[in-house]
Amino acid sequence: MSEMLIKNATVYDPINSVNGDLMDVAVRNGKIVDSVGNSAQIIDAGGRLVYPGGVDAHTHIAGSKVNIGRVMRPEDSRLGIKARTKLTRPYTGYTVPNVYAMGYRYAEMGYTTAFEAAIPILKARHTHEELEEIPIIDKGGLTLFGSNWMVMDAIRENDQDRLAAYVAWGLLASRGWGVKIVNPGGGEAWGFGKNVSGLDDTVPNFEVTPRQIIRNLAEVNEKMNLPHSIHLHCNNLGKPGNYETTLASFDICKDIKASRDRQALHVTHVQFNAWGGNHWGDMESKSDAIADYLNKNDFLTIDMGQLIFGSATTMTADGPVQYANARLLKSRWSNGDVELEDSSGVTPLEYHAQNYVNGIMWAIGLELALLTKDPWQVLMTTDHPNGGPYVNYPQVMTLLMSKKKREEAMSKIAEKTFERTSIAGIDRELDWYDIAIKTRAAHAKVLGIVENGKGHLGVGADADIAIYDIKPDQTDATTEYNRVEAAFRRSAYTIKGGVVVAKDGEITATPMGRTYWVRTKVDNGGYDRMMEDLKLKFRNYYSVNMANYMVQDEYVEHPVVVDTEYK
Amino acid sequence: MIIKDVLCPFCGCLCDDLAVEVENNKVVDVKHACKIGASKIRGHDRIKAPMMRDDKNGEFREVSYEEAINESARILAKSKRPLLYGWANGLCEMMKKGILLTEEVGGIIDNTASVCHGPSALGVHEKGLPTGTLGQFANRADVVVFWGCNPVQAHPRHMGRYSVFNKGFFANKGRRSRKVVVFDVRKTDTANLADEYVQVKPGEDYMVLSALRAIVAGKGDVVPDTVGGVPKEKLAEVAETMKAAKFGIVYFGMGLTQSRGKYKNIDNAVSLITELNAHGKHSIIPMRGHYNVTGFGNVCAWETGFINAVDMSRGYPYYNPGETCSNDLLMREEIDAAFIIAGDAGAHFPAQSIARMGKVPVIQVDPFHNPTTEMANIVIPTKVSGVELEGTAYRMDGVSLRMRKLVDVDFPSDEEVLDKIIAKVREIKGASS
Ligand code: SF4
């Protein structure tokens, strides 16, 4: 029995409404408990800031897209290098770190959980091979369904039971946690180099629309009682004027009733989808319209997809947008179509502060977070590594906390940016509690892993704890943002499952994390109809036999399986 | 007993539809595989026991695994510049251990791509790789180009399963749905099956690619009357075919990567494909040889950040092809010990490299006798992965699959041997530090 007591902690635990109380946190066998005995290991926080371990609900940390990014960018792997030690393997990479750096760097910042945002089922084995080698953090992944032939055929034939049976089967086959939809229908159209242009466009050869795909998957998601809602990357990403598609996509799910205490729709990296104007020349921020919608509707959540100036490696299942990016920027381009399932693309690029398009994007991310009143509705992400690498989270945290820091940043950004955005006029400054929501509590709630003990410090929760070298009562984040940012970059302690895994930003232990996935029972006629269709597709169109397709147990060594049932 | 859905541990097609009959722990029949695949699964003469010799011209003497492993660890631990090469004919599980061992001994890890598709990686660094899974091409491609590769011989079931003769969802008339074009310096068996054969003068692929790019871009007037031995009209015709494709796919092989121009050829070919995407959908994919050579590139990339040729002597990965590939190091006579596993340096390296290997201790880990054995000092036989051992392999298109075990044998796996060497190296290094 191992026990730990963190004394004199200034705790922010929004899920339990703890707002800066000075208290002790007790840990036994990796869980939070009421009290511990005298022999417990003592860590004196000395009044410093204590958060639940950070949770990242949307990041690209594993799988073939990430790996082609590494292969394509040896110049990136040359950054951030750290030699091996007796305890740690070598670190490499900035936008596309190797598996070791991926886990170590999250842990060094006080993050203990991260969810991979896009798993193509056929390539899920690869994703899990990488996830299994990312040390320390717990993880999960979202499975791609938005351009899948099985999905579109079931929807066209109006067979939701069959659709549910397939989603359940796909989650099992990929050991996935939730339903990801990327540019619905567009991935299939990209199979012949085309795209869909809006929600009511017909997907060629499949006679369904993006609207139908979103709606049906959202309904089925709730009937399956999945922990997470559907997770949507909207159509028309990266195009001026796309905010209208985004708002219309929100509306599709307006009357969906969530089966759990969470949103009915999560829309991801909305920064890339909140653009006004008709072309690059008149592009402008429409974050006000998006925030206005969020302020009036509580059925949905979003994440920022904040842009970080400097190098990024964009990677997404949105194949067509990546080709457009690569052509526009004359950049390297990798594409990765996945038979019957989806597409993907990877393109390195550089965000410049003096480029007003990039400036507007930078502003939109922050505006979304600051104009939306309820902090629970907007998660802080960079859509790693699309907006920029996750190691920059401390920078984003302080940008949200300090107007002065924003002003300092704005002084270096192309002036035209501020004619097209409202960021300069926003006074709001988030506090320690808001930041705890935006970087852990809301992520856990949106993913549906609060019940699994994530994102909070209530009794029974996982003892995933971050102690930062900040005394909240003596620190004014609106002015001392440099110190705050430095403290968020290197936690004083990161505790994962009751083990101190990092101290003063250095790794001290490397336990293996767990992987969350969902198993849903669908035992009506839909299952048989689905199997019949699936066998046909494997016989005729897949290049892999069905018997070799599903991810085997060997690839998920520390699983946490959540069971649900389709009604 | 018949075991179904078996994967073939021979070429990068990684066919997964074999049926293997096993009786009394022996493979007695292999169905659906091509000849080369079936012959590997049936098995042939293998190395029976670990062996050692001091003099490379002398006779081997049989030794225990323990002795061979301890001596291997001793050689690697005291070596200043050990090369750990091969890795293509094994499973991802052992590759992970190989990278760890390389870190432990501060060596260089390099795989067979070094003398095969290594230049493709450089092309990808320059331009990326617009590609997809084999089933995507099988279902959609209406124009199929083979450039500098000969699947009839090297990937015998490729044309039947993925590229030419099979039916796909859109390409539903099989062979008749597709126009097949072969670019090669000689008329191969594959060329004989094509609709169009374009004979390129040896070493002039780069020019031919450039001419095609010019024509596709509407700048055909700058193209001379013949390029690389090909008449301009023929190139214009082929360019038109590619441009008109709804889905075009280029499969390329060592005829492109190992001829004059090397990685520049790949760079140029990828550019052509990227530009063609403005007209229809186009993809390109290397025809990888060994069944899991693609796996090594993947494992090495996610563990070290680099695809191959990684030097760990600084305690972190350092990659600089031209400096850190096996043959660069051997020819500079830097290497003072070689560990060859699941790949055959002896058969594929140039004479100058072989000469260096003749002067340094060589450790071989492999189930089979091959030219590397001739220059080895220590030979450690292991299980045949995918026949006697299950685990992960990556098909040429990056789809990972789990190889099956068909029969049981007493040999240790590559992974077990590596584990023991790592433990011993740590013991030796721990004692000396
Ligand atoms: S084509 Fe390749 S993988 Fe398929 S059976 Fe033949 S050797 Fe094996």
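Presented here is a report on the structure given in the accompanying data block. Worth saying up front: this structure is predicted, and the values here are computed from it rather than measured. (Residues numbered from 1 in each chain as written. Chains lettered and ligands numbered in written order. Predicted model: local features only at pLDDT ≥ 70, side-chain atom pairs only at ≥ 80, totals over all residues. Heavy atoms only, no water.)

**Structural notes on the overall build of chain A**
Line of reasoning, step 1. Looking only at helices and strands, one finds 17 helices and 24 strands in chain A.
Line of reasoning, step 2. For chain A, whose C-alpha radius of gyration is 22 Å, the value lies close to the compact-globule estimate of 24 Å for 567 residues.
Line of reasoning, step 3. In terms of principal-axis extent, the alpha carbons of chain A reach across some 65 × 55 × 45 Å.
Line of reasoning, step 4. Here the analysis covers contacts within chain A between residues at least 6 apart in sequence; of these, 79% occur between residues at least 24 apart.
Line of reasoning, step 5. Of the roughly 17,300 Å² that chain A leaves accessible, carbon and sulfur atoms contribute 47%. (Helix = DSSP H or I, 4+ residues; strand = E, 2+ residues; numbered from the N terminus. Rg over C-alpha atoms; globule rule 2.2 N^0.38 Å. Contact = heavy atoms within 4.5 Å. Areas by Shrake-Rupley, 256 points an atom, 1.4 Å probe, with all protein chains shown as cover.)

**Concerning the overall build of chain B**
Line of reasoning, step 1. Scanning chain B from N- to C-terminus turns up 18 helices and 22 strands.
Line of reasoning, step 2. Within the span of chain B, comprising 433 residues, buried residues form 65% of the whole.
Line of reasoning, step 3. Sequence separation of 24 or more characterises 67% of the internal contacts of chain B that already satisfy a separation of 6 or more.
Line of reasoning, step 4. Accessible area for chain B stands at about 15,500 Å²; split by element, carbon and sulfur atoms hold 50% of it.
Line of reasoning, step 5. If the 54 positive side-chain charges of chain B are averaged to one point and the 53 negative ones to another, these points end up 5 Å apart. (Buried < 20%, exposed > 50% of the residue type's maximum accessible area, 1.4 Å probe, protein only. Lys, Arg positive; Asp, Glu negative; His and termini not counted. Charge placed at Lys NZ, Arg CZ, Asp CG, Glu CD.)

**Focus: the pattern of salt bridges**
Line of reasoning, step 1. Taken as a whole and judged by the stated rule, the model has 71 salt bridges over all chains.
Line of reasoning, step 2. Between aspartate 533 of chain A and lysine 537 of chain A there is a salt bridge, and its shortest N-O distance comes to 2.9 Å. Taken as a pair, aspartate 533 of chain A and lysine 537 of chain A lie in helix H17 (residues 525-540) at a separation of four residues, close to a single helical turn.
Line of reasoning, step 3. For aspartate 533 of chain A, a relative accessible area of 12% corresponds to the buried category.
Line of reasoning, step 4. Two residues, glutamate 554 of chain A and arginine 402 of chain B, come together in a salt bridge whose shortest N-O distance is 3.9 Å. Linking glutamate 554 of chain A in the loop between H17 and strand E24 (559-565) with arginine 402 of chain B in strand E22 (residues 400-403), this pair reaches from one chain into another.
Line of reasoning, step 5. Arginine 402 of chain B sits in the buried class, given a relative accessible area of 10%.
Line of reasoning, step 6. Each of Lys31, Asp138, Lys454, Asp462, Asp464, Lys496 and Arg514 of chain A takes part in a single network of salt bridges with overlapping partners. (Salt bridge = Lys/Arg side-chain N within 4 Å of Asp/Glu carboxyl O.)

**A closer look at the sheet that holds strand E15 (residues 310-316) of chain A**
The pairing of strands in a sheet comes from backbone hydrogen bonds and takes either a parallel or an antiparallel form.
Line of reasoning, step 1. Here four strands make up an open sheet; going across it, the order is E15(A)-E17(A)-E16(A)-E8(B) and the pairing mixed. Each having just a single partner strand, E15 of chain A together with strand E8 (130-132) of chain B make up the two edges of the open sheet. Strand after strand, the sheet turns through a mean of 25° between neighbouring axes, direction not considered.
Line of reasoning, step 2. In this structure, E15 of chain A lies alongside strand E17 (residues 345-351) of chain A, joined through seven bridges in antiparallel fashion. Each bridged residue has a counterpart across the sheet, and for methionine 315 of chain A the counterpart in E17 of chain A is valine 346 of chain A.
Line of reasoning, step 3. Along the sheet, helix H11 (residues 319-329) of chain A makes contact with E15, strand E16 (334-337) and E17 of chain A, crossing E17 of chain A at roughly 45°. (Pairing = 2+ DSSP bridges. Axes fitted to C-alpha atoms, helices over the stretch in contact; angles between N-to-C directions.)

**Comments concerning the environment of methionine 242 of chain B**
All names here are of chain B.
Line of reasoning, step 1. Assignment of secondary structure puts methionine 242 in helix H10 (residues 232-244).
Line of reasoning, step 2. By relative accessible area, which is 4% here, methionine 242 ends up buried.
Line of reasoning, step 3. Between the C-alpha atoms of methionine 242 and glycine 255, which are 13 residues apart in sequence, the distance is 20 Å.
Line of reasoning, step 4. Dropping the residues within four chain positions of it, methionine 242 is found in contact with Val145, Val250, Leu272, Leu276 and His282.

**Quick look at the nonpolar core**
Line of reasoning, step 1. Counting 246 residues, the largest nonpolar core has Phe488 of chain A together with Phe339 of chain B as its most contacted members.
Line of reasoning, step 2. Considering every element that reaches this core, the biggest residue donor is helix H12 (residues 356-371) of chain A, with eleven residues.
Line of reasoning, step 3. The residues touching phenylalanine 488 of chain A, leaving out its near neighbours within four places in the chain, are Leu49, Tyr51, Met109, Pro394, Met397, Met401, Trp432, Ile435, Tyr468 and Ile470 of chain A.
Line of reasoning, step 4. In terms of nonpolar packing, the next biggest core, distinct from the first, is built from 39 residues, Leu18, Val27, Val387 and Met396 of chain B among them. (Core = buried A, V, L, I, M, F, W, Y, C linked by side-chain atoms within 4.5 Å.)

**Thoughts on the site of the ligand**
Line of reasoning, step 1. Taken together, Cys8, Phe10, Cys11, Cys13, Leu14, Cys15, Ala33, Cys34, Ile36, Gly37, Pro156 and Arg157 of chain B make up the full set of residues adjacent to the ligand.
Line of reasoning, step 2. Residue composition of the shell around the ligand, by class: ten nonpolar, one polar and one charged. (Near = heavy atom within 4 Å. Nonpolar A, V, L, I, M, F, W, Y, C, P; charged D, E, K, R; others polar.)

**Describing the state of the cysteines**
Residues and elements named next belong to chain A.
Line of reasoning, step 1. Scanning all chains against the criterion turns up zero disulfides over all chains.
Line of reasoning, step 2. A disulfide-free cysteine, cysteine 234 has its sulfur positioned 9.5 Å from the sulfur of cysteine 253, the nearest such atom.
Line of reasoning, step 3. On the basis of relative accessible area, cysteine 234 is assigned to the buried category, the value being 1%. (Disulfide = S-S within 2.5 Å.)

**Section: the interface of chain A and chain B**
Line of reasoning, step 1. Listed as interface residues are 53 residues of chain A and, on the opposing side, 64 residues of chain B.
Line of reasoning, step 2. Here chain A and chain B share an interface that buries about 5,000 Å² over both sides, 52% of which is from carbon and sulfur atoms.
Line of reasoning, step 3. Inspection of the chain A/chain B interface yields nine salt bridges.
Line of reasoning, step 4. When the shortest N-O distance is used, the salt bridge between arginine 89 of chain A and glutamate 303 of chain B registers 3.8 Å.
Line of reasoning, step 5. The interface formed by chain A and chain B contains 44 residue pairs in polar contact (both at pLDDT 80 or more).
Line of reasoning, step 6. Among the secondary structure elements, those contributing two or more residues to the side of chain A that touches chain B are helix H1 (64-72), helix H2 (74-77), helix H3 (99-108), helix H4 (124-133), H11 and E16 of chain A.
Line of reasoning, step 7. In the side of chain A that touches chain B, the residues fall into 21 nonpolar, 16 polar and 16 charged. (Buried area = accessible area lost by both parts, 1.4 Å probe. Polar contact = N/O pair within 3.5 Å; in protein donor to acceptor, adjacent residues only side chain to side chain.)

**Focus: the packing of aromatic side chains**
All names here are of chain A.
Line of reasoning, step 1. By the definition in use, this model includes 45 aromatic pairs over all chains.
Line of reasoning, step 2. On the numbers, 6.3 Å between centres and 70° between planes, the contact of tryptophan 169 with phenylalanine 538 is edge-to-face. With tryptophan 169 in helix H6 (residues 160-174) and phenylalanine 538 in helix H17, this residue pair connects regions lying 369 residues apart in the sequence. Of the two residues, tryptophan 169 and phenylalanine 538, both sit in the buried class.
Line of reasoning, step 3. Judged by centre distance (4.9 Å) and plane angle (80°), the ring pair of phenylalanine 538 and tyrosine 549 falls under edge-to-face. Of this pair, phenylalanine 538 sits in helix H17 while tyrosine 549 sits in the loop between H17 and E24, and the two are eleven residues apart along the sequence. (Phe/Tyr/Trp six-rings, centres within 6.5 Å; stacked < 30°, edge-to-face > 60°.)

**Some details on the packing of helix H13 (residues 393-401) of chain A against helix H15 (residues 432-447) of chain A**
Residues and elements named next belong to chain A.
Line of reasoning, step 1. The geometry of H13 relative to H15 is characterised by a closest axis approach of 11 Å and an angle of 140° between their N-to-C directions. When the axis of H13 is compared with that of H15, the two are oblique. For H13 against H15, the interelement crossing comes out right-handed. Residue-level contacts link Met397, Leu400 and Met401 of H13 to Trp432, Ile435, Lys438, Thr439 and Arg440 of H15.
Line of reasoning, step 2. Considering only residue class, the contact of H13 with H15 consists of five nonpolar, one polar and two charged. (Parallel < 35°, antiparallel > 145°, perpendicular 65-115°, else oblique. Left-handed = near helix turned anticlockwise from the far one by under 90°.)

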